[in-house]
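# Report on the structure
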Amino acid sequence: MSLMGKPILYSYWRSSCSWRVRIALNLKEIPYDIKPISLIKGGGEQHSNIFRDVNPMEHVPALQIDGHTLIESLNIMHYLEETRPQRPLMPQDVHKRAKVREICEVIASGIQPLQNLTVLIYVGEEKKKEWAQHWIQRGLRAVEKLLTASAGKYCVGDEISLADCCLIPQVFSARRFHVDLRPFPIVLRIDRELENHPAFCAAHPSNQPDCPPEVTK
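If you're wondering where the values come from, they're calculated on a predicted model, not measured in any experiment. (Residues numbered from 1 in each chain as written. Predicted model: local features only at pLDDT ≥ 70, side-chain atom pairs only at ≥ 80, totals over all residues. Heavy atoms only, no water.)

Here the UniProt feature "domain: GST C-terminal" (unreviewed entry) sits at residues 93-213. Note that residues 93-213 is 65% helix and 0% strand, and that its end C-alpha atoms are spaced 44 Å apart. (UniProt positions renumbered as here; feature names shortened; annotations may be inferred. Helix = DSSP H or I, 4+ residues; strand = E, 2+ residues; numbered from the N terminus.)

On to the UniProt feature "domain: GST N-terminal" (unreviewed entry) in the protein chain. In the numbering adopted here, UniProt assigns the feature "domain: GST N-terminal" (unreviewed entry) to residues 5-88. Secondary structure content for residues 5-88 is 35% helix and 19% strand, while the C-alpha to C-alpha distance between its ends is 23 Å.

Attention shifts here to the sheet that holds strand β1 (residues 8-11). Across the sheet, four strands lie side by side as β2-β1-β3-β4; this open sheet has mixed pairing. Edge positions in the sheet fall to β2 (33-36) and β4 (68-71), since each has one partner strand and no second. Each neighbouring strand pair of the sheet contributes to a mean axis angle of 20 degrees, computed without reference to strand direction. Here strand β3 (residues 62-65) runs beside β4; their pairing, made up of four bridges, is antiparallel. Residue pairing for β4: L63 is matched across the bridge by L70. Across the sheet, helix α1 (residues 16-27) touches β1, β2 and β3, and the angle it forms with β1 is around 155 degrees. Packing against the sheet, helix α3 (residues 73-83) makes contact with β3 and β4, and its axis sits at approximately 130 degrees to β4. (Pairing = 2+ DSSP bridges. Axes fitted to C-alpha atoms, helices over the stretch in contact; angles between N-to-C directions. Contact = heavy atoms within 4.5 Å.)

Two faces, one strand: in a regular strand the side chains alternate between the faces of the sheet. Side chains A62 and Q64 project from β3 onto one buried face, and the interleaved L63 and I65 project onto a second face that is buried too. Two strands pair when backbone bridges link them, and β1 and β3 are joined in this way by three bridges, in the antiparallel orientation. What sits directly across from Y10, in β3, is A62. Between β3 and β4, which pair antiparallel in sequence order, lie two residues; one of them, D66, sits at a positive phi of approximately 55 degrees. (Buried < 20%, exposed > 50% of the residue type's maximum accessible area, 1.4 Å probe, protein only.)

At a minimum axis separation of 8 Å, helix α6 (residues 128-150) and helix α8 (residues 185-194) run at an interaxial angle of 75 degrees. By the criterion of interaxial angle, the relationship of α6 to α8 is roughly perpendicular. Of the residues in α8, those in contact with V143, E144, L147 and T148 of α6 are P185, I186, V187 and I190. Here the residues of the contact of α6 with α8 are counted per class, giving six nonpolar, one polar and one charged. (Parallel < 35°, antiparallel > 145°, perpendicular 65-115°, else oblique. Nonpolar A, V, L, I, M, F, W, Y, C, P; charged D, E, K, R; others polar.)

Before going further, it helps to spend a moment on the domain arrangement of the protein chain. When the domains of the protein chain are assigned, the result is domain 1 (8-87) and domain 2 (94-201). Placing the centre of domain 1 and that of domain 2 at their C-alpha centroids yields a distance of 19 Å. In this assembly, 14 residues from domain 1 lie in contact with 19 residues from domain 2. Roughly 1600 Å² of surface becomes buried between domain 1 and domain 2 when both sides are summed, with 74% attributable to carbon and sulfur atoms. It is W19, R20 and I23 in domain 1 that bury the most area against domain 2; as a group they hold 33% of the surface buried on that side. (Domains from an automatic or database assignment. Buried area = accessible area lost by both parts, 1.4 Å probe.)

Shown next, in the form of C-alpha cells:
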C-alpha cells in the first residue's frame, strides 16, 4: 500500500487481539479499513498461503500501515503510540507506563493465548470450557490484584491506556466462557465505565463487518 493509503487491519470480529487494536485505532482517531479473516471458514482463512505471507504466525491481527505490515497486537499498539503520540495511550510517568505494560502482558501473555481458538481445538470439545475458565480466572485474579494498586477511573490512573484496550476484550471472553466475574470488582467497574465509550463501542465484535447477522439481532 502507499504511504498515504488508509491503514488496513486484518481482523476477525470476535478476536480479542484484533479488538485491542481496533480500540486503539479508534481512540487515536486513525481511519482504517478492515479486511476480515475468518478463523473458522474452510478450516480458517488464517492458514491460507496468502495470509501466511501477511503473518507467518497465522494469527490475527495484522496491520498494514505506513508502507509496512505489522503483526502482534501489543507491538502494533506500541507502534501507533510511538508514531502517533497525539491522544496518548501511555502515561508520561515512567512507573505508570510500566504498570500499563504489566497489565497488558498479564492479559496478552498469561490469559488470552491459553484460551484462544487454536489451543481450545487442541484441548478438545469436552474439556475446553473447564480449561478456559481455569486460565481466565487465574489471570484475572492477578489483574485484579494489580488494579488494587494502579487503578483510578481506569486501569492505571484516570486516563484510558493500552491496559484498558486489553482488559475490555478479555472481560468479554470471560463472559463467553461463563466465568464468574463477581470476585473481580475493580475489573467489573472499569468494564462498566467503558462499555458505552464510543471508541470501545465501535470496536465491539457486534459492530464488525464480519459479525454474523444472528449475533447482532
